[in-house]
Amino acid sequence: MFSYRHAFHAGNHADVLKHLTLVATLRHLMRKDNPLTLIDTHAGAGIYRLDSEAAQTSGEALAGIARVQHQGASNSGAKTAPRTVGSAQGAIKIEYDALADYLALLASFNRSAPPGAPWRVYPGSPLLMHALMTEPGRAAVHDRLRLFELHPTDAQALQAHIEQLDAGRQVSMARQDGFEALKALLPPPASGSGSRRALVLIDPSYEIKTDYAKVAAAIQDGLRRFATGVYLVWYPIIPRPEAHGLPRRLRTLAQQADRPWLHATLAIGSAPGATGLAASGMFVINPPHTLAGILRSALPRLEDALARGPHAGWSVDAGG
Ligand code: SAM
């Protein structure tokens, strides 16, 4: 059985990159009223306590979201102002600040915390997606959220968290292999107006190295079934050939399907005696056209907040 438990890692730098990208992508998709099918193939427990023994033992959230929260608070005057970044053609004004939006969303899960106190609750991808699909103005649209989690303890916790949402048929979860389950969900059902829209998050723990090949196979199959879906893949940047090869393989699959892609990475650098994951990436197929600019504005600020030593950095490449 798997030993990976996301409770030890919730709110770490990898979650910050993944969830910031997820929130920014969903915000763009939700500018249209047509319903969305949201699929999280590897959902985890849904929401986490940062004062739990697991989080305290690993210290990953302390080195992750706690530092971003602290920096966000000290920059709060600039949080919602439009930002400007340079480009070859001159300055581009970015009206939407994804980092401020992500932090505001996290703050909404921590309303009972005194102002300035470290957050105790960290929503995982299921609860973040649910929060966006039920925001005022969106609720009538009937988006659907489909969640899959294999670990018995996390599946049970996820089930309990979903029941508390009282979301009815809008949200469902199954203790099932997310790679297999995805096949039956694409293409997504058509809305009343005939449009089909889906966002798929594939976020395995990569505990077994065959996960890398399974991710590529799932994307290849997904693009064949539903070429216009928005696919987001998280992966760890570690010295393992399968991990190095995954973004290259995904880019090839996007190019073969003639679909646009985006690849973002965030590295927190090395520190004396530091162990654990130091960098990760997000690969997005069919990204919103605004996403590259939005991430190029947000990632330098994340690097500032999270860097722990040499080799910290970020990148955003896009093509297609
Ligand atoms: N997506 C979550 C988030 O952002 O909050 C975190 C997911 S965690 C990185 C990966 C999860 O996948 C673990 O909880 C693990 O138990 C689960 N898992 C592993 N293999 C799976 C599979 N084949 N299908 C579904 N879940 C799986």
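Only a predicted model underlies this, so the values are computations on that prediction, with no experimental measurement involved.

**Student:** What is the right way to read the layout of surface pockets from this model?
**Tutor:** Over the atoms, a rolled probe matching the size of one water molecule traces out where space is still vacant. Each pocket or cavity is described by its volume, and for the largest pocket that value is around 940 Å³. Forming the boundary of the largest pocket are 48 residues, of which Y4, H6, H9, P204 and S205 lie nearest the centre. If you tally residues by element for the lining of the largest pocket, the top one is helix α1 (residues 13-29), at five residues. Here the lining of the largest pocket is built from residues that sort into 18 nonpolar, 18 polar and twelve charged.

**Student:** Quick question: what am I supposed to make of the side chain of H263 here?
**Tutor:** The topology assignment puts H263 in strand β10 (residues 261-268). A distance of 2.6 Å separates the side chain of H263 from the side chain of Y235, its partner in a polar contact. Ignoring anything within four residues of it in the chain, the contact list for H263 reads Y235, P247, M282, F283, S315, V316 and D317.

**Student:** Honestly, the environment of N12 in this entry has me stumped. Any pointers?
**Tutor:** Inspection of the secondary structure puts N12 in the segment before α1. If we ignore the near neighbours within four places in the chain, the residues touching N12 are E60, A61 and G64. Of note is the side chain of N12, whose polar atom sits 2.7 Å from the side chain of E60.

**Student:** Just checking my understanding: could you explain the pattern of salt bridges for this structure?
**Tutor:** Any two side chains of opposite charge can pair, given that their charged atoms come close. Summed over the entire model, instances satisfying the criterion amount to 13 salt bridges. Among the ionic pairs, R225 bridges to D221, the shortest N-O distance being 2.6 Å. Of this pair, R225 and D221 both sit in helix α8 (residues 210-225), four residues apart, roughly one helical turn. Residue classification places R225 among the partly exposed positions, given a relative accessible area of 34%. With a relative accessible area of 15%, D221 lands in the buried category. For E242, the salt bridge is made with R240, and the minimal N-O distance between the two is 3.6 Å. Look at R240 and you get partly exposed, because its relative accessible area is 32%. Each of D15, K18 and D203 takes part in one network of salt bridges that share partners.

**Student:** Explain a nonpolar patch on the surface here, please?
**Tutor:** A cluster of nonpolar side chains, contributed by F2, L150 and I208, occupies part of the molecular surface with about 210 Å² of accessible area. Mapped onto the fold, L150 is located in the loop between β6 (144-148) and α6 (152-165). In this structure L150 comes out as partly exposed when scored by relative accessible area, which is 32%.

Thresholds, definitions, all that
Residues numbered from 1 in each chain as written. Predicted model: local features only at pLDDT ≥ 70, side-chain atom pairs only at ≥ 80, totals over all residues. Heavy atoms only, no water. 1 Å grid on protein atoms, 1.4 Å probe; cavity = no way out; pocket = protein on both sides within 12 Å on 5 of 7 lines; lining within 4 Å. Points joined across faces, edges and corners; volume = space filled by probe spheres on them. Helix = DSSP H or I, 4+ residues; strand = E, 2+ residues; numbered from the N terminus. Nonpolar A, V, L, I, M, F, W, Y, C, P; charged D, E, K, R; others polar. Polar contact = N/O pair within 3.5 Å; in protein donor to acceptor, adjacent residues only side chain to side chain. Contact = heavy atoms within 4.5 Å. Salt bridge = Lys/Arg side-chain N within 4 Å of Asp/Glu carboxyl O. Buried < 20%, exposed > 50% of the residue type's maximum accessible area, 1.4 Å probe, protein only. Patch = residues over 30% accessible without salt bridge, like charges linked within 9 Å, V, L, I, M, F, W, Y side chains within 5 Å. Areas by Shrake-Rupley, 256 points an atom, 1.4 Å probe, with all protein chains shown as cover.

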